[in-house]
Amino acid sequence: MTRALHSLAVLATLLVVTAACAQPAPDSVSPAASAPEAGRAMAVTIDDLPVGRGHNLAWMQNVTRGLLAQIEASGVPVVGFVNQEKIDREGEREARTALLQGWVDAGHELGNHTYSHPSLFSTPLADFQDDVIRGEPLTRALLRARGSAPTDSLRYFRHPYLNVGPDLDTKRAFEAWIGARGYQIAPVTHDNAEYIYALAYDRAIEAEDAALQARIADAYIAYMDTTAAYFEGLSRDLFGREIPGVLLLHANALNADHFNRLMDAFRARGYAFVPLAEVLQDPAYASEDTYTGRAGMSWLQRWAITRDIPFTSEPLPDGWVQTVAYP
């Protein structure tokens, strides 16, 4: 199954899961849920480094330069999660390694996102563990060469597709194994369908349609604002407060052009951006999580399912953007 088809299948499954857990709610977010609140905090994580879609080297270089420049301008600390397979190209390994070196030179922390981005839902545990190990050497070497601070070690793991396994035994076995290797799993609270907007944006770039690019970017920022309001409300329902969040993004052209703008939108909601290590110190992240299944979803939703607390479905991406992305 291609990643595009996998993404659509997971989105459809997630809608079924959330619909089953849903309670009646208004069609739009209330003003109170949307209002900025002082003291909000967020860690930003970026998956699929060096670049998500399998474009040529020149594309990857342009996206990497743009994204790193946007991050530097924003002043936001990030953790990037690497798929080392994207580096292993005959005749281009040195140039592709330089893309990751750019992240290291900029002072960013890197984590393991497996070698080839398999799903634990459909991959035997032993094979998945082998893929994790295969995804370690280059990232670990680049970080060690930088120094000996905690951020210079390979300490975070992110599940591809946010899938933690087909059953609880697999989930728990992997968590014990990955912990024994010195990793902490990087959860996500603010999940989203950013990848759909990113794919649509790529198609607009390929069509040399600047007006469509701008329209998609505007819709992306508005959509992410709506999803933020949704997860803020879910956090209050679960914990009686808004816990510090973890935002999932991807390394793509959309964020290479508009990351700073997105961060400004979160700042307008009252967010300060903090390191992932600081966020994970919040006791909420020790909450019991027994959710397994095909759908990758926010840990807030997983905790709600574990506690049998009903919740409404998360906001859907714009239909017209989905049509552009998947014509």
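Residues numbered from 1 in each chain as written. Predicted model: local features only at pLDDT ≥ 70, side-chain atom pairs only at ≥ 80, totals over all residues. Heavy atoms only, no water.

Novice: Please set out the overall build of the protein residue by residue, giving values where relevant.
Specialist: A count of helices and strands for the protein gives 13 helices and 7 strands. Buried positions account for 54% of the 327 residues belonging to the protein. The long-range share in the protein, meaning contacts at least 24 apart out of those at least 6 apart in sequence, stands at 84%. A total of about 13400 Å² of accessible surface is found on the protein, and carbon and sulfur atoms cover 53% of it. (Helix = DSSP H or I, 4+ residues; strand = E, 2+ residues; numbered from the N terminus. Buried < 20%, exposed > 50% of the residue type's maximum accessible area, 1.4 Å probe, protein only. Contact = heavy atoms within 4.5 Å. Areas by Shrake-Rupley, 256 points an atom, 1.4 Å probe, with all protein chains shown as cover.)

Novice: Before we move on, can you summarise the side chain of asparagine 192 with the specific residues and values?
Specialist: Mapped onto the elements of the fold, asparagine 192 is located in the loop between β5 (184–185) and α8 (194–206). On the basis of relative accessibility, which here comes to 6%, the residue asparagine 192 falls in the buried class. Reaching out from asparagine 192, the side chain makes a polar contact with the backbone nitrogen of glutamate 194 at a distance of 3.0 Å. Of the polar contacts made by the side chain of asparagine 192, one reaches the backbone oxygen of leucine 248; its length is 3.0 Å. Apart from the residues within four sequence positions on either side, asparagine 192 is in contact with Tyr223, Met224, Leu247, Leu248 and Glu314. (Polar contact = N/O pair within 3.5 Å; in protein donor to acceptor, adjacent residues only side chain to side chain.)

Novice: Go over the pattern of salt bridges, please, and point to the residues and values.
Specialist: In the structure shown here, the tally under the stated rule is 19 salt bridges. Measuring nitrogen to oxygen at the nearest pair gives 3.7 Å for the salt bridge that ties aspartate 289 to lysine 171. Separated by 118 residues along the polypeptide, aspartate 289 in the loop between α11 (276–279) and α12 (299–306) and lysine 171 in helix α7 (residues 168–180) bring together distant segments of the chain. We classify aspartate 289 as buried; its relative accessible area is 12%. One salt-bridge network, in which partners are shared between bridges, spans Arg40, Asp225, Glu232, Arg236, Glu242 and Arg269. (Salt bridge = Lys/Arg side-chain N within 4 Å of Asp/Glu carboxyl O.)

Novice: Kindly report on the environment of alanine 265, identifying the contributing residues and their values.
Specialist: With respect to the element layout, alanine 265 can be found in helix α10 (residues 253–268). Considering only alpha carbons, one finds alanine 265 and isoleucine 221, 44 residues apart in sequence, at a separation of 7.3 Å. Setting aside residues no more than four positions away along its own chain, alanine 265 makes contact with Ile221 and Asp225.

Novice: Describe the nonpolar core, listing the residues and the values that go with them.
Specialist: Of all hydrophobic cores here, the largest spans 65 residues; its most connected members are Val44, Ile46, Trp103, Leu249, Phe259, Met263 and Phe266. The leading source of residues in this core is helix α9 (residues 210–239), at 9 residues. Excluding residues within four positions of it along the chain, methionine 263 makes contact with Val44, Ser74, Val76, Leu247, Leu249 and Phe273. In terms of nonpolar packing, the next biggest core, distinct from the first, is built from 27 residues, Ala43, Ala186, Leu234 and Ala284 among them. (Core = buried A, V, L, I, M, F, W, Y, C linked by side-chain atoms within 4.5 Å.)

Novice: Outline unusual backbone geometry, supporting the account with residue identities and numerical values.
Specialist: Excluding glycine, a negative phi dihedral is what most residues carry, and trans is how most peptide bonds are arranged. Cis geometry is found at the peptide bond from leucine 49 to proline 50, where omega equals 5°. By the element assignment, proline 50 lies in the loop between β1 (40–49) and α3 (57–74). If you check the backbone angles, aspartate 48 has positive phi at about 70° while not being a glycine. Judged by relative accessible area, aspartate 48 falls into the buried class, the value being 8%. Even without being glycine, tyrosine 161 reaches a positive phi, approximately 60°. Mapped onto the fold, tyrosine 161 is located in the loop between β4 (156–157) and α7.

Novice: Please set out helix α6 (residues 137–146) residue by residue, giving values where relevant.
Specialist: Leu138, Thr139, Leu142 and Leu143 are the residues of α6 that are buried. For α6, the angular spread of buried residues about the axis comes to 125°, placing them on one side. In α6, the exposed positions that point more than 90 degrees away from the buried face belong to Arg144 and Ala145. Residues of α6 that are buried make contact with β2 (78–82), α4 (93–105) and β3 (109–112). (Arc of directions from axis to C-beta.)

Novice: Before we move on, could you go through the side chain of glutamine 70 and cite the residues and values that matter?
Specialist: Locating glutamine 70 in the fold gives a position in helix α3. A relative accessible area of 18% means that glutamine 70 is categorised as buried. Separated by 3.4 Å, the side chain of glutamine 70 and the backbone oxygen of aspartate 257 make a polar contact. A polar atom in the side chain of glutamine 70 sits 2.7 Å from the backbone nitrogen of asparagine 260.

Functional significance is not addressed by these values, which are geometric in nature.
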